[in-house]
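Each chain is listed here by its residues.
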Amino acid sequence: MSAAAPPVIEIRGLAKSFGANKVLDGVDLSVARGESLVVIGGSGSGKSVLLRLVLGLEIPDRGEVVLHGTPADARLRARFMQDFGMLFQSGALFDSLPVWRNVGFRLLREMPAAKARERAIASLSRVGLGPEVADRMPADLSGGMRKRVALARAIATDPAVLFFDEPTAGLDPQRATAISQLIRGIVSQTGATAVTITHDMRSVRTIADRVALLDSGRIRWQGPVQAPAGGLDSDPDPVLRAFVEGRPLDAAP
Ligand SMILES: Nc1ncnc2c1ncn2[C@@H]1O[C@H](COP(=O)(O)OP(=O)(O)OP(=O)(O)O)[C@@H](O)[C@H]1O
């Protein structure tokens, strides 16, 4: 990677309100190539809105999203979208399609079905699922398996950029840890750039290279998980501490 390579994603002064509800009020954030950034923040802090703005699913009131150094217009976004994978909070599997067709959904547009099935099975194996799962229907799987299938779909095309929306939501702690470790492993092995939004602090510690805290419409804090000084676990910022320690802001530590 060249030292001069622009960030894969740069968010400049993004603002978004819904009526009188000012959700984002000047968010600045960037994600370097190969970096795993996790955005944390309380319920309703605007994490999903921020993700939708980056994906072009919402129009900002102010500010811009810059992709690979170029402000994102519709054409650039369309190109960017061809090389990204997304794990939706709900999993968003197609219930009427067997597992392999879910995983190979994008592959099926690019190659014959037999090849797509082969690639889908290879992708399932990367998330710890055997070929016997390929022909099962999503409704017959446990929540943890469905999440793995959704992850296999997100990585099936080997995208350069991965988005994970609350990847551990709805999972028990052990399955949540397993999914976080899978994500970390995939990101490390592939060198993909990853953006995760979550409020699950355990998964933050597994997945993140860098963390950004969204609060009151802005990035209040950003930094590494661990650092000699000023990391997630040692920075004295009161809002960060309250969030990391899972206590109300006005409660004593
Ligand atoms: N399409 C919309 N119309 C109106 N308000 C919206 C819309 N989308 C989001 N909001 C509001 O924006 C705020 C932020 O929502 P968002 O879903 O981004 O929060 P979040 O940080 O992802 O929360 P959670 O962790 O609970 O998922 C909320 O007050 C929500 O009601």
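Use the structure listed above.
Only a predicted model underlies this, so the values are computations on that prediction, with no experimental measurement involved.

Two numbers describe how helix α4 (residues 113-126) lies on helix α5 (residues 143-155): the axes approach to 8 Å, and their chain directions differ by 120 degrees. Our classification of the angle between α4 and α5 gives oblique. At the point where α4 passes α5, the crossing takes the right-handed sense. Where α4 abuts α5, its residues Ser123, Leu124 and Arg126 lie against Val149, Ala152 and Ile155. Residues belonging to the contact of α4 with α5 are distributed by class as follows: four nonpolar, one polar and one charged.

We now examine the environment of alanine 139. Relative to the helices and strands, alanine 139 resides in the loop between α4 and α5. Of the residues examined, alanine 139 reaches a relative accessible area of 59% and is grouped as exposed. In the structure, alanine 139 is positioned 40 residues away from valine 99 in sequence and 9.8 Å away in space, judged by C-alpha atoms.

This part is about unusual backbone geometry. Leave glycine aside and you will find that most residues have negative phi; peptide bonds, for their part, are mostly trans. For aspartate 158, which is not glycine, the phi dihedral falls at a positive 50 degrees. Checked against the element boundaries, aspartate 158 lands in the loop between α5 and β7 (161-165). Accessibility expressed as a relative area gives 47% for aspartate 158, which makes it partly exposed. Even without being glycine, serine 216 reaches a positive phi, approximately 50 degrees. Tracing the backbone shows serine 216 in the loop between β9 (210-215) and β10 (218-224).

Let us now look at empty space enclosed by the protein. Applying the stated criterion to the full structure yields one cavity of 30 Å³ or more. Its volume calculated, the largest cavity comes out at about 90 Å³. Lining the largest cavity we find 13 residues, and of these Ile11, Val39, Leu50, Val54 and Val195 sit closest to its centre. Of all the elements in the fold, those that place two or more residues in the lining of the largest cavity are β1 (9-18), β2 (21-31), β3 (36-40), α1 (47-55) and β8 (193-197). With four residues, α1 is the largest single contributor of residues to the lining of the largest cavity. Looking at side-chain class alone, the lining of the largest cavity contains twelve nonpolar, no polar and one charged residues.

Thresholds applied
- Residues numbered from 1 in each chain as written.
- Predicted model: local features only at pLDDT ≥ 70, side-chain atom pairs only at ≥ 80, totals over all residues.
- Heavy atoms only, no water.
- Axes fitted to C-alpha atoms, helices over the stretch in contact; angles between N-to-C directions.
- Helix = DSSP H or I, 4+ residues; strand = E, 2+ residues; numbered from the N terminus.
- Parallel < 35°, antiparallel > 145°, perpendicular 65-115°, else oblique.
- Left-handed = near helix turned anticlockwise from the far one by under 90°.
- Contact = heavy atoms within 4.5 Å.
- Nonpolar A, V, L, I, M, F, W, Y, C, P; charged D, E, K, R; others polar.
- Buried < 20%, exposed > 50% of the residue type's maximum accessible area, 1.4 Å probe, protein only.
- 1 Å grid on protein atoms, 1.4 Å probe; cavity = no way out; pocket = protein on both sides within 12 Å on 5 of 7 lines; lining within 4 Å.
- Points joined across faces, edges and corners; volume = space filled by probe spheres on them.

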